[in-house]
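Chain by chain, the residues run as shown.
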Amino acid sequence: DLPPRVTIYEVGARDGLQNEKGVVPTDVKAQFVRRLVAAGLQTIETTSFVSPRWVPQLADATELLADLGEVGRGPLRPVLVPNERGLERALEAGVGAVAIFGSATETFAQKNLGRSREESVEMFKPVVKRAQDAGLWVRAYVSMCFGDPWEGPVPVGQVADACAELMDLGCDQLSIGDTIGTGTAGHVEALLAELGRRDIGVERIGVHFHDTYGQALANTLTALRAGVSVVDASTGGLGGCPYAKSATGNLATEDLVWMLDGAGVETGVDLDALVETSVWMAEQLGKPSPSRVVKALAGA
Ligand code: HMG
Ligand code: MG
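The paragraphs below set out a description of the structure included in this document.

Criteria and thresholds
- Residues numbered from 1 in each chain as written.
- Chains lettered and ligands numbered in written order.
- Predicted model: local features only at pLDDT ≥ 70, side-chain atom pairs only at ≥ 80, totals over all residues.
- Near = placed C-beta within 6 Å.
- Helix = DSSP H or I, 4+ residues; strand = E, 2+ residues; numbered from the N terminus.
- Nonpolar A, V, L, I, M, F, W, Y, C, P; charged D, E, K, R; others polar.
- Buried ≥ 20, exposed ≤ 12 C-beta atoms within 10 Å, placed from the backbone.
- Contact = placed C-beta atoms within 7 Å.
- Axes fitted to C-alpha atoms, helices over the stretch in contact; angles between N-to-C directions.
- Parallel < 35°, antiparallel > 145°, perpendicular 65-115°, else oblique.
- Left-handed = near helix turned anticlockwise from the far one by under 90°.

**Here's the deal with the site of ligand 1**
Looking at ligand 1, there are 28 residues lining it, with Val 50, Ser 51, Gly 86, Ser 143 and Gly 177 nearest. Contributing elements (two or more residues each) for the shell around ligand 1: α4 (84–92), α5 (106–113) and β5 (137–143). Tallying contributions element by element places α4 first for the shell around ligand 1, with three residues. Looking at side-chain class alone, the shell around ligand 1 contains twelve nonpolar, twelve polar and four charged residues.

**With respect to unusual backbone geometry**
Within the chain, Met 144 stands out as a residue other than glycine whose phi angle is a positive 60 degrees. Along the chain, Met 144 turns up in the loop between β5 and β6 (147–148). Looking at Met 144, the number of C-beta atoms within 10 Å reads 30, which means it is buried.

**Digging into α5**
Given 3.6 residues per turn, any residue in an α-helix points the same way as the ones three and four places further on. For α5, every residue scored as buried is listed here: Phe 108, Ala 109, Lys 111, Asn 112 and Leu 113. The secondary structure elements touched by the buried residues of α5 are β4 (97–103), α6 (117–133), β5 and β6. Backbone geometry just after α5 places Gly 114 at a positive phi near 70 degrees.

**Notes on the packing of helix α2 (residues 26–38) against helix α3 (residues 61–68)**
Where α2 meets α3, the axes come as close as 9 Å, and the angle between the chain directions of the two elements is 50 degrees. The angle between the axes of α2 and α3 places the two elements in the oblique class. With respect to the hand of their crossing, α2 and α3 are arranged in right-handed fashion. For the pair α2 and α3, contact is made by Thr 26, Asp 27, Lys 29, Ala 30 and Val 33 and by Glu 63, Leu 64, Asp 67 and Leu 68, respectively. Residues of the contact of α2 with α3, tallied by class, amount to four nonpolar, one polar and four charged.

This is the structure we're talking about:
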């Protein structure tokens, strides 16, 4: 059985644009977010308050949120925050929700955060505490939940340990990241079952699939059948992670909406408006969307 309604957690403006070679102008990002809102998306991650030296593509986070005004505020507009410096910048910008982002593997913790898994949990602790004291909603991402480009397949127990460490800090939601897209359906079932045994139930879990191996939609359907109802996706299939070689775009929001519309699952999203947005964004970026549904519907 599928849930009657799925919450799409849109990451195109963050996960998508962080991985573009060129820096997208702030006003184009703001227009992108406004178009996503107009297309009916509710939860929209807008940007990251990370080190501008690590991710220059999102160095304009403060300017973007100033441009967005009320549209960038509230519990449905999370931003990525790695440390207290990031949290302070995010609070100054008026955000209502933040996401910390840990790793299931040591190698990726070093590559993405410049520190060990343990040191990164120490870095996140005061971020979560201060965010919650400020009344913010807090999400915890865990990357490399299925495979890691340096370490290979990641044992389910190790992944569950990393997830539990972050959820024990008191985060509201966990997002399990298949950063490089190697996961398959059976693996998704096994990880969700293991998380359930650790008392992290499906009602607190979102799934974050990258489509590198074309498995994202099958993995999503598997997670939905297991009771998950929050799915991360990126409009037009934009995305990747600059610190994870071989990561491509996320599951395209259009591909997800096509599947859910077909199954009668409610999302609130107007697919035509979303496809128009992807076509517009593709023009801005000077390259076509990799989404099959965008290609089919836009005739591109
Ligand atoms: P560090 O180099 O250890 O930190 O970076 P540092 O404290 O030594 O600072 C380095 C410089 O950055 C300093 O500036 C700091 O002031 C500054 P300098 O003195 O050299 O001019 N700095 C900051 N500036 C603004 N905002 C901040 C901030 N922090 C430090 N928040 C750090 C540590 C964690 C900051 C760094 O490693 C970093 O920013 N990493 C982020 C990498 C990233 O954003 N990766 C992509 C997101 S994760 C992802 O995509 C996966 C996901 O989609 C799920 C999945 O697919 O699996 C979520
Ligand atoms: Mg990602």
